[in-house]
Amino acid sequence: MQEHLLGYLLGALDAEEQECVETALENNPELRRQLDVLDARLEALRLARDADDPPPDLAARTCGFVCGYQHKADEALPVQPAPCINPEVTTGRHWSMADLLVAAGVMIAASLLFFPAIASSRYQAHRTACQHNLQQLGTALTGYGERHDGYLPLVPTSGNRSVGGVIVAMLNDEGFLADTRNVICPASPLAKNLQGWRVASLDELDRADGKTLAMLQRMMGGSYGYPLGYMDHEQYRPIKNLRRAGFALIADAPSTELPGRRSANHGGCGQNVLFEDGHVAYVVGCRMGEMGDDLFHSDRGLVEPGRHADDAVIVDSATPLVLWNVPPQR
């Protein structure tokens, strides 16, 4: 979130990012303190807005100054140095402190505009690449469903396979996952260190135990979250692909540190979500729409299978399937 603070002060964020930063500032005193510190450091530039205009010959003198260094560097070469702009302007002239301050201010102002633009461009590129990954995973799920009477992979209720990420291993073992790198969001913490990362096979998962098992369970789902099934009259059932536009299938993986288990993949501002009809959307917050379904919890607020066929619940790779014995609300 810190990387968005400068863009927030300069008004360089889009509406969604602006809203995300404002929400984070309301809930995070430390982030607010960091914003105040950054704002204070920009005060010098604000005070310089009413400063005197730079000398009219500043550009020519700057070019002459640079050309002078170029001339010294090229003295030993047999070629002529590049001509300077108005070289006579520099004869017998020196840079004053005022000139240096103006030039420094121009460079600082340019950097304050340039670097947030680069960061925003990279943020958008990561978000687009993430959406492409989810489209590819959606194609894999559709292929699996066509082979299994429309039913999508189901996380088992027990054993080494009883974690959310097993869905990736199932898709990969059956040949539906064209590229395992599609389960890595480029904006996720995992993307910064992929050393040793891989998708385990189901057989390897079955044979593993202890720390090795925990590592394979954590790695195989990459940086996305996957769907649990749902409960139907106390029976745990798989999701059937009905091409619903509002039913979430895969999303940026939930976190345990942000409010509502919001994903940390895109600076904690929101998450890309693949829906059952195949479209991908960026969702701010954890609910789809003002009163929509919670992405990461069941209708009764637990990390568990959905309470009915339209209750989508997405968990990260290492989250085990738990069938909570909680009485239904009346």
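Summarised in this report is the structure supplied together with it. (Residues numbered from 1 in each chain as written. Predicted model: local features only at pLDDT ≥ 70, side-chain atom pairs only at ≥ 80, totals over all residues. Heavy atoms only, no water.)

1. Considerations on the overall build of the protein
Now for step 1: Of regular secondary structure, the protein possesses nine helices and seven strands.
Now for step 2: Counting only residues that meet the buried cut, the protein has 40% of its 330 residues in that class.
Now for step 3: Counted over contacts in the protein with a minimum sequence separation of 6, partners at least 24 positions apart contribute 63%.
Now for step 4: On the protein, roughly 18,500 Å² of surface is accessible, and the fraction owed to carbon and sulfur atoms is 55%. (Helix = DSSP H or I, 4+ residues; strand = E, 2+ residues; numbered from the N terminus. Buried < 20%, exposed > 50% of the residue type's maximum accessible area, 1.4 Å probe, protein only. Contact = heavy atoms within 4.5 Å. Areas by Shrake-Rupley, 256 points an atom, 1.4 Å probe, with all protein chains shown as cover.)

2. A short note on the nonpolar core
Taken as a class, soluble globular proteins show a tendency for nonpolar side chains to be buried jointly.
Now for step 1: Among the nonpolar cores identified, the biggest contains 55 residues, and V183, Y224, A248 and I250 are the most heavily contacted of them.
Now for step 2: Excluding its chain neighbours within four sequence positions, the residues that come into contact with V183 are L137, V168, L177, W197, G221, G222, S223, Y224 and Y226. (Core = buried A, V, L, I, M, F, W, Y, C linked by side-chain atoms within 4.5 Å.)

3. Focus on the sheet that holds strand β7 (residues 314-315)
Now for step 1: Sheet architecture is open: five strands sit in the order β6-β5-β4-β1-β7, paired in antiparallel fashion. At either end of the open sheet lies a strand with only one pairing partner, and these are β6 (280-283) and β7.
Now for step 2: With three bridges joining them, strand β4 (residues 248-252) and strand β5 (residues 271-275) adopt antiparallel strand pairing. Its bridge partner being in β5, A251 is matched across the sheet by V273. (Pairing = 2+ DSSP bridges.)

4. Some details on the packing of aromatic side chains
Now for step 1: Enumeration according to the criterion identifies one aromatic pair in this entry.
Now for step 2: On the basis of an interplanar angle of 70 degrees and a centroid distance of 6.1 Å, the ring pair of Y144 and F176 is categorised as edge-to-face. Of this pair, Y144 sits in helix α6 (residues 97-147) while F176 sits in the loop between α7 (166-173) and α8 (202-207), and the two are 32 residues apart along the sequence. Pair check on accessibility: Y144 and F176 agree, each one buried.
Now for step 3: Seen from the ring of Y282, R127 lies directly overhead, with NZ or CZ sitting 3.9 Å from the centre.
Now for step 4: Over the ring of F247 we find R244; its NZ or CZ atom is 3.9 Å from the centre of that ring. (Phe/Tyr/Trp six-rings, centres within 6.5 Å; stacked < 30°, edge-to-face > 60°. Lys NZ or Arg CZ within 6 Å of the ring centre and 35° of its normal.)

5. Some details on the layout of surface pockets
Now for step 1: Considered as a void within the structure, the largest pocket measures approximately 860 Å³ in volume.
Now for step 2: In terms of lining, the largest pocket is formed by 38 residues, of which the most central are P189, S255, E257, A264 and N265.
Now for step 3: Of all the secondary structure elements, the ones that give two or more residues to the lining of the largest pocket are α2 (15-27), α3 (29-41) and α9 (210-219).
Now for step 4: Of the residues belonging to the lining of the largest pocket, the class tally is 15 nonpolar, 18 polar and five charged. (1 Å grid on protein atoms, 1.4 Å probe; cavity = no way out; pocket = protein on both sides within 12 Å on 5 of 7 lines; lining within 4 Å. Points joined across faces, edges and corners; volume = space filled by probe spheres on them. Nonpolar A, V, L, I, M, F, W, Y, C, P; charged D, E, K, R; others polar.)

6. Notes on unusual backbone geometry
Now for step 1: One non-glycine residue, H233, lies in positive phi territory at about 55 degrees.
Now for step 2: Looking at the secondary structure, you find H233 in the loop between β2 (230-232) and β3 (235-237).
Now for step 3: Non-glycine residue E234 carries a positive phi angle of around 70 degrees.
Now for step 4: Note that E234 resides in the loop between β2 and β3.
Now for step 5: The exposure class assigned to E234 is exposed, which follows from its relative accessible area of 66%.

7. Some words on the pairing of strand β1 (residues 224-227)
Now for step 1: Alignment of β1 against β4, held across two bridges, turns out to be antiparallel. Looking at the pairing, Y224 lines up with D252 of β4.

8. Here we look at the pattern of salt bridges
Now for step 1: If you walk through the whole model with that rule in mind, you get nine salt bridges.
Now for step 2: For D179, the salt bridge is made with R181, and the minimal N-O distance between the two is 3.0 Å.
Now for step 3: With a shortest N-O distance of 2.7 Å, R300 and E304 are connected by a salt bridge.
Now for step 4: Taking relative accessible area as the criterion, R300 reaches 15% and is therefore assigned buried.
Now for step 5: Among the ionic contacts, a cluster of salt bridges with common partners joins R244, E276 and D310. (Salt bridge = Lys/Arg side-chain N within 4 Å of Asp/Glu carboxyl O.)

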